[in-house]
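One-letter residues, chain by chain:
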Amino acid sequence: MTYLSDISSLQLLVILPVFACLAMACTRKLKNACELMSIGTGLVLVLVTCQLWHNFSLANQVKVEWIELIPGLTLSLSLTPLGLLFALAASTLWLTTALYAIGYLRALQEHSQTRFYQFFALAMTAVMGIAFADNLLTLYVFYELLTLTTFPLVVHSGKETAVRGGRVYFAFLLFTSVLFFLLAIVGTWFIGGSLDFTPGGLLNRPIMNTGALSAASLLLPLFVLGIGKAAVFPFYQWLPAAMVAPTPVSALLHAVAVVKGGVFTLLKVCLYIFGTDVLVELPSQQFMLYLAGFSILFASFMALQQDNLKKRLAYSTISQLGYISMGALLANGSAILGASMHLVVHAFGKITLFFCAGAILVATNKTLISDMTGLGRQMPFTMVAFFIGSLTIIGLPPAAGLWSKWYLLQGAMTAEQWLLILVLAFSSILNIFYLLPIPIRAFFSPAAAITVKPPVNRVPTSMVLSIAFSSTVCLVLFFLPESLFQLAQAILIRSGQ
Amino acid sequence: MNSQLPILLVIVPLLAAPLCLFIKKPTLVWLFASIVSVLALLFSLIILSQVWETGELVYSLGGWQAPIGIEYRIDLLNAYLSVIVAALACICLLAAYKSIGEEIKKGKQTLFYVTFLLCLAGMLGVVVTGDVFNLFVFMEIAALSSYVLIAMGKNRKALIASLTYLLVGTLGATFILIGIGLVYMLTGSLNMQDLSVLLLSAPQSNTLFTAFTFFFVGTCLKLALFPLHWWLPNAYTYAPSIVSVFLAATATKIAIYILLRVIFSLFGSEFSYHTLPLQNILMTLGLAGILVCSVIAIFQQDLKQIFAYSSVAQVAYMMLALGMNNISGLMATLLHLFNHALMKGALFLALACIMYRLKSVQLSDIAGLGWQMPWTMAAIVIAGFSLIGLPLTVGFISKWYMLLASFENAWQPIALVILFGSLLAAVYIWRIVEKAYFSPLTTNNQHIKEAPLALLVPTWLLVLANLYFGIDTRFSLSISLHTAQMLLGVAP
Amino acid sequence: MNILESFNYWIVMALMMCGLYIMIAQGNLIKKIVGLTIFQTSVFIFYISMAKVTGATAPIIKEGLELYSNPLPHVLILTAIVVGISTTALALALVIRIRQAYGTIEEDEIRAKDRLE
């Protein structure tokens, strides 16, 4: 079934949400219009992405050039396995979140719902643009666009706390992207003569020939620190600060779109700008690996200390992003497999956890973990989903996290990074300690310790559906990981492994 | 007709200015002035396309041939600048009807248009002339009219600002006059084309060095290079809103044009960069200007002061790029001439909208204005993005070339400072955004309506131009590239 | 001997520095303008003295006379004088308006009044 050519599909994915946003502006007065359009757009995006996946083969090049911004640099899109992976996860989860948001916003009677859906859609454009960017410049354009479009979502409530959180969010992301990322991009342009994502690495040839290893060595930290959305220490503060946003925003953007956009960018840079051959030669690679490792442990420790559920999940995300960053920097076959798979698996797992947090908020108005003992009796479904999500993050069967963590561990072993293996193992244990107690205490605490007395509000159906869907996918990906695995392997082939 | 265009470009506004006095109704005066500026824009566009196709346009005044007579010689640089000046003048006059109607007393409005047209004529004259003394005369015509325009501001501080600008500007102009005299002494010619040949073979004496220095300092006074910038913030702040728009977009650009002519056409880049340690001077002052003025802008309470200091910082960027002495750097300077005119034009026009409704541009007074005047504040946000240098805006293109230029010179730390300047700009844009969108609405602002269309349309024309030329960069990039190559004497 | 030969330049420099100093140091606005005028005049003298050819007469053609001074700088200076006059006139007009608005033309008093606002 090919109604649309691949090239048109690619452009449609990026442009459609913009039209959705404009349409929502025109139909402000109509009841339910923006929600319908949100769901509708989400459906179209998922279908088109699936079709692209169905037709995908490494042999044919799908590329579309839009406009030349600077001589030699065009805004262009192309279909790559990594991009497809990201787009699949993002579009599916956008649809799920759109469904979730309907219930959530209605239950809490949030204001300015149209504006919310509009910026939600625009953020999707940015995510699609990042996924399918053909060169670093296009990626940078959509990267900044993502920061700009998610900002109004973070400060949606307009309250003092939201503005303060928004300020930190914007400051950190802009600071890193302007000061370091842009500098690294210009540096790459200068050394490499182009910004295209090249299989095998753009800098592969010039570096090997002229021995400009030290210059490239400087570029790597600039990229790692500059891609602030990957939340590598010390530029992680924006993520907990962004938790002031409404839960659908936290769920989609800060568990899926923004942070995944960040590590996706890092993966692309490591694989297609540096290339695996160059990366292992760089002296700064080791330092960046240690930084990622430190980031993982630091965030895990911080997570342990948080009582606010969303904050704990935020630090958990930072820690998990460290895993993916580490995989990207290790850049050998297993590590890349692990990192790409973890991109998807973590997205589904984390979004389940955030959805549950939102459901708890709607039902009981609670945000602190200490208040949630015994909640399992009142909200069994939610807590079971939470449990599945936790397993995914920790990496225990029967949840899908096992596969990705397995490959990451293998990658670290292949590279003989023993310290990092220790970090991975220790951090998994920490994951258990900061995630599992929540569902366990919810179900198995003695009756006397139950603090939830008043009757809970009904959790809207749409939210329940979304939670069910995402947790099911976590389980499904464990039992049937082949399609995910195939796509990840395609990434490997393309990057020249 | 085409061969007469260079002189028509100057004569039409010059003659139109006193003609305004014969028209009785202010509305008709405005209409007349607008038509004249549109004519000027048309002329400059025709000239630009002609110069792009066939090369230099030459016109000898009174039929007297150079080097005895005064000639107008238009190459790509002149044409480019004339389009910038004429286009901004058009947009300013479009918005002037409402804005000036509000800010200047009825009896004086005709005089405003007279002076504005004189200023336009002066600036266009500076840009098209090929004779150094003629340059001085037109420069002073433009300067005198801008002193008058600034003094028309409502606040009495406008008078002091105007007088300060007068004293400093005349100082600068007189330095340039001394430079002209010294150069005449050495070569006996006042024609720029002629001088470029003669000065190359002139003996390397102190006179040559002194002449260059006087030219340099004189133009730096006029273009407000840090630390010779102190006249600018007050002049832009207390002038009437439309005057701020026009001057912010054009006055310093004209001075930069004069500097470019002096460095590249008169003395030649070889000489210029090696007699004075021009690279070091421009780099140091540029960096200092960017950092110091951006920081000062962050702490200002008056929106116009913020953007005035921001303008000084942007001029410092242009000088920094000029100091790099390579093609990318010169391209960045030329690009930023155009881009900054668009950015600051849009910002100051949005401020004109706010002034029209609010009668004030203090930061504390715009609390909650983002919801009452959505289009105006959105214009400030987008133009602010351009100032910061976010992609898809013109500001990004200028920043890119500046960064490229610093990499070409292996001055990577400079690149870091350039980017840091962007972040400082983000801070003061953020202050405005936070006040407008996230502060509670004051009782004063509750009944404020959106600015009238007559003011919004020109503002958004410039804002959309910011976005358009940031995406379709062919116009500015091709002209800048060719001009840079021509000035540096590099084959295309 | 060199100093005596180029005495005109010395005078020009002296006037220029006087003018600059007055502009900076004097607080009274009228005096500042006087300083500006002196400064501009020094430049005029510079041009005119530059135009003089030793042993030449005024540049008006008359029979029997061979050597004339260079007329071009004289013309330039006429233009520059006109520009200077306009500038001075404008400056004086501004000072009158400032007097009306502030009640004083001393710079420090004006600054004090502005700070009070």
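Residues numbered from 1 in each chain as written. Chains lettered and ligands numbered in written order. Predicted model: local features only at pLDDT ≥ 70, side-chain atom pairs only at ≥ 80, totals over all residues.

Caption draft 1: Examining the overall build of chain A more closely. On a plain count of helices and strands, chain A comes out with 21 helices and two strands. Taking 2.2 N^0.38 as the reference for a compact globule, 497 residues should give roughly 23 Å; the C-alpha atoms of chain A span a radius of gyration of 21 Å, in line with that estimate. When the 497 residues of chain A are sorted by exposure, 60% land in the buried category. Sequence separation of at least 24 residues holds for 82% of the intrachain contacts in chain A that already meet a minimum separation of 6. (Helix = DSSP H or I, 4+ residues; strand = E, 2+ residues; numbered from the N terminus. Rg over C-alpha atoms; globule rule 2.2 N^0.38 Å. Buried ≥ 20, exposed ≤ 12 C-beta atoms within 10 Å, placed from the backbone. Contact = placed C-beta atoms within 7 Å.)

Caption draft 2: Broad picture of the overall build of chain B. Across its full length, chain B holds 20 helices and two strands. Against the 2.2 N^0.38 benchmark of 23 Å for 492 residues, chain B shows a C-alpha radius of gyration of 21 Å, consistent with a compact globule. Overall, chain B is about 70 × 60 × 40 Å in size when its C-alpha atoms are taken along their principal axes. The buried share among the 492 residues of chain B stands at 65%. Taking as baseline every contact in chain B between residues at least 6 positions apart, the subset at least 24 positions apart corresponds to 80%.

Caption draft 3: Spotlight on the packing of helix α16 (residues 380–394) of chain A against helix α19 (residues 437–444) of chain A. Residue and element names in this part refer to chain A. Running from amino to carboxyl end, α16 crosses α19 at an angle of 150°, the nearest separation of the two axes being 9 Å. It follows that α16 is roughly antiparallel to α19 by the angle criterion. Handedness of the crossing formed by α16 with α19: left-handed. Note on element contacts: α19 touches α16 through Ile438, Pro439, Ala442 and Phe443, opposite Met383, Phe386, Phe387 and Ser390. Split into classes, the residues belonging to the contact of α16 with α19 amount to seven nonpolar, one polar and no charged. (Axes fitted to C-alpha atoms, helices over the stretch in contact; angles between N-to-C directions. Parallel < 35°, antiparallel > 145°, perpendicular 65-115°, else oblique. Left-handed = near helix turned anticlockwise from the far one by under 90°. Nonpolar A, V, L, I, M, F, W, Y, C, P; charged D, E, K, R; others polar.)

Caption draft 4: Representation of the nonpolar core. One finds Ala123 and Leu343 of chain A together with Leu117, Leu124, Ala316 and Ala352 of chain B to be the most contacted residues of the largest nonpolar core, which totals 444 residues. Once residues lying within four places of it in the same chain are set aside, the contact partners of Leu124 of chain B are Leu9, Val10, Pro13, Ala40, Ser82, Val85 and Ala86 of chain B. (Core = buried A, V, L, I, M, F, W, Y, C linked by C-beta atoms within 7 Å.)

Caption draft 5: Spatial organisation of the confidence of the model for chain A. Per-residue confidence for chain A averages 85 on the pLDDT scale, and 95% of its residues sit at or above 70. Confidence, read as mean pLDDT per element, is least for helix α7 (residues 204–210) of chain A in chain A (66) and greatest for helix α5 (residues 136–154) of chain A (92). (pLDDT = per-residue confidence, 0-100.)

Caption draft 6: Here's a closer look at the interface of chain A and chain B. Taken together, the contact pairs 18 residues of chain A with 21 residues of chain B. The set of elements that each furnish at least two residues to the side of chain A that touches chain B consists of β1 (63–70), α5 and α6 (160–192) of chain A. Top contributing element to the side of chain A that touches chain B by residue count: α6 of chain A, with 10 residues. Its residues placed into classes, the side of chain A that touches chain B shows 15 nonpolar, two polar and one charged.

Caption draft 7: Highlighting the interface of chain C and chain B. Listed as interface residues are 25 residues of chain C and, on the opposing side, 21 residues of chain B. Those elements giving two or more residues to the side of chain C that touches chain B turn out to be α3 (29–51), α4 (71–102) and α5 (107–116) of chain C. Counting residues per element, the side of chain C that touches chain B draws most heavily on α4 of chain C, at 13 residues. Looking at the side of chain C that touches chain B, its residues break down into 18 nonpolar, four polar and three charged.

Caption draft 8: Region of interest: the environment of Thr125 of chain A. Residues and elements named next belong to chain A. Relative to the helices and strands, Thr125 resides in helix α4 (residues 113–132). Taking C-alpha positions, Thr125 is 8.2 Å from Phe142, a pair spaced 17 residues apart along the chain. Beyond its immediate stretch of four places on either side in the chain, Thr125 contacts Val14, Pro17 and Val18.

Caption draft 9: Here's a closer look at the pairing of β1 of chain A. Pairing of β1 of chain A with strand β2 (residues 73–78) of chain A involves six bridges; the strand directions are antiparallel. Paired with Ile67 of chain A across the bridge in β2 of chain A is Leu75 of chain A. (Pairing = 2+ DSSP bridges.)

Caption draft 10: Examining helix α20 (residues 461–479) of chain A more closely. Look at α20 of chain A: 27 Å from first C-alpha to last across 19 residues, which is about the 27 Å you get at 1.5 Å a residue. Buried residues in α20 of chain A make contact with α3 (81–108), α14 (333–364), α16, α17 (401–414) and α21 (482–494) of chain A. (Expected span 1.5 Å × (residues − 1).)

Caption draft 11: Local environment of the packing of helix α13 (residues 309–330) of chain A against α17 of chain A. Residue and element names in this part refer to chain A. Where α13 meets α17, the axes come as close as 10 Å, and the angle between the chain directions of the two elements is 40°. Comparing the axis directions of α13 and α17 gives the class oblique. Considering the relative orientation of α13 and α17, their crossing is left-handed. In this structure, α13 contributes Tyr323, Gly327 and Leu330 to the contact, and α17 contributes Leu408, Gly411 and Ala412. Of the residues assigned to the contact of α13 with α17, the class counts are four nonpolar, two polar and no charged.

Caption draft 12: Molecular detail of the confidence of the model for chain B. Here chain B averages 90 in pLDDT, while 99% of its residues score no lower than 70. ipTM for the predicted complex: 0.93, alongside a pTM of 0.91.

Caption draft 13: Region of the structure containing helix α17 (residues 394–408) of chain B. Residue and element names in this part refer to chain B. In a regular helix each residue adds 1.5 Å, so 15 residues correspond to 21 Å; α17 covers 22 Å between its end C-alpha atoms and thus fits that length. Counting buried positions along α17 gives 14 out of 15 residues, so the element sits mostly inside the fold. Looking one or two residues past α17, Ala410 carries a phi angle of roughly 60°, positive in sign.

Caption draft 14: Region of the structure containing the arrangement of the chains. Contacts between protein chains span two pairs of chains, and they are most numerous for chains B and C. With no contact between them, chain A and chain C keep their nearest C-alpha atoms 32 Å apart.

Caption draft 15: Structural view of unusual backbone geometry. Pro234 of chain A follows Phe233 of chain A through a cis peptide bond whose omega is 5°. Examined against the element boundaries, Pro234 of chain A turns out to sit in the loop between α8 (213–226) and α9 (238–241). For the bond from Phe226 of chain B to Pro227 of chain B, the omega torsion is 0°, close enough to zero to count as cis. Tracing the backbone shows Pro227 of chain B in the loop between α8 (206–223) and α9 (232–238). Despite not being glycine, Ala224 of chain B has its phi angle at roughly 60°, a positive value. Looking at where Ala224 of chain B falls in the secondary structure, it is placed in the loop between α8 and α9.

Caption draft 16: Here's a closer look at the environment of Ile327 of chain B. All names here are of chain B. Relative to the helices and strands, Ile327 is located in helix α14 (residues 327–358). Assessed through the 19 C-beta atoms surrounding it within 10 Å, Ile327 is described here as partly exposed. The spatial distance from the C-alpha of Ile327 to the C-alpha of Glu408 is 9.5 Å, given a sequence separation of 81 residues. Each residue touching Ile327, except ones within four places of it in the same chain, is listed here: Ala484, Gln485, Leu488 and Val490.

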